[in-house]
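# Architecture and fold: a report
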Amino acid sequence: QVQLVESGGGLVQAGGSLRLSCAVSGRTFSMGWFRQAPGKEREFAAAILWSDGTTYYADSVKGRFTISRDNAKNTVYLQMNNLKPEDTAVYYCAAGRGRTPPVVSHAYDYWGQGTQVTVSS
């Protein structure tokens, strides 16, 4: 059973930065970050493949967020810069075993507990 532990959420002013971390207990094919704002559906933010570091981004975060991995530490990071109030959400880390393109939630088999990110205007 793969377990994920997220950290790094918090409160930040618009234009600020945060870095989320996700430590994973086992190796999978892909890792992703999703987010869910109040009253909205969970949406894809970013993903990365363990094998070659290929990255994927939602248009809404492209150019502001960067996903990266540390294979030695089995940890994935989401660096979030130039944060906006609309980035406010619970952010979830996820791990996928299959080869489905990692931009949809059903590509993932394991989920973290979520970490709150709040961006004030």
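Please refer to the structure placed before this passage.
Residues numbered from 1 in each chain as written. Predicted model: local features only at pLDDT ≥ 70, side-chain atom pairs only at ≥ 80, totals over all residues. Heavy atoms only, no water.

### So, the overall build of the protein
For clarity, the threshold we go by: In this description a helix means any DSSP run of H or I spanning at least four residues, a strand means any run of E spanning at least two, and both kinds are numbered starting from the N terminus. Computation of the radius of gyration draws on C-alpha atoms alone. For the globule rule, the value is 2.2 Å times the number of residues to the power 0.38. The buried label goes to any residue with under 20% of its type's maximum accessible area, the exposed label to any with over 50%, and the partly exposed label to all in between, with areas taken from a 1.4 Å probe on protein chains only. Residues are treated as being in contact if the distance between any of their heavy atoms lies within 4.5 Å. Note on areas: Shrake-Rupley, 1.4 Å probe, and residue coverage restricted to the protein chains presented here.
Regarding its fold elements, the protein presents zero helices and eleven strands. If you list the helices and strands of the protein from N to C, you get β-β-β-β-β-β-β-β-β-β-β. For 121 residues, the compact-globule estimate of 2.2 N^0.38 gives 14 Å, and the C-alpha radius of gyration of the protein, at 13 Å, lies within 12% of that figure. Principal-axis analysis of the C-alpha atoms places the extent of the protein at approximately 40 × 30 × 25 Å. Burial analysis of the protein (121 residues in total) assigns 48% to the buried set. Across the protein, contacts joining residues at least 24 apart in sequence account for 55% of those joining residues at least 6 apart. Working note: accessible area of the protein is about 6000 Å², and carbon and sulfur atoms make up 46% of it.

### Section: the sheet that holds strand β7 (residues 65-70)
Note the threshold: The criterion for strand pairing is that DSSP finds at least two bridges linking the strands in question. All axes are obtained by fitting lines to C-alpha atoms, using only the stretch in contact for helices, and the reported angles, taken between N-to-C directions, cover 0 to 180 degrees.
Pairing is antiparallel across the open sheet formed by four strands, whose spatial order is β1-β3-β8-β7. Only two strands of the sheet have a single partner each, and these edge strands are β1 (4-7) and β7. Taking the axes of each pair of neighbouring strands and ignoring which way they run, one obtains an average angle of 15° across the sheet. Bridge analysis of strand β3 (residues 18-24) against strand β8 (residues 75-80) gives six bridges, and the strand direction is antiparallel. Counterpart to L20 in the pairing with β8 is L78.

### What to know about unusual backbone geometry
Positive phi outside glycine occurs at N74, with the angle close to 50°. Within the secondary structure layout, N74 lies in the loop between β7 and β8. We note that N82 has phi near 50°; this positive angle belongs to a residue other than glycine. Mapped onto the elements of the fold, N82 is located in the loop between β8 and β9 (89-96).

### Regarding the state of the cysteines
Note the cut-off: For the purposes of this analysis, a disulfide is any pair of cysteine sulfur atoms at a distance within 2.5 Å.
Across all of its chains, the model carries one disulfide by this definition. Disulfide pairing is shown between C22 and C93; the S-S distance is 2.0 Å. The S-S bond linking C22 to C93 shows a torsion near -85°; that makes this disulfide left-handed. Of the two residues, C22 sits in strand β3 while C93 sits in strand β9, which places them 71 residues apart along the sequence. C93 sits in the buried class, given a relative accessible area of 0%.

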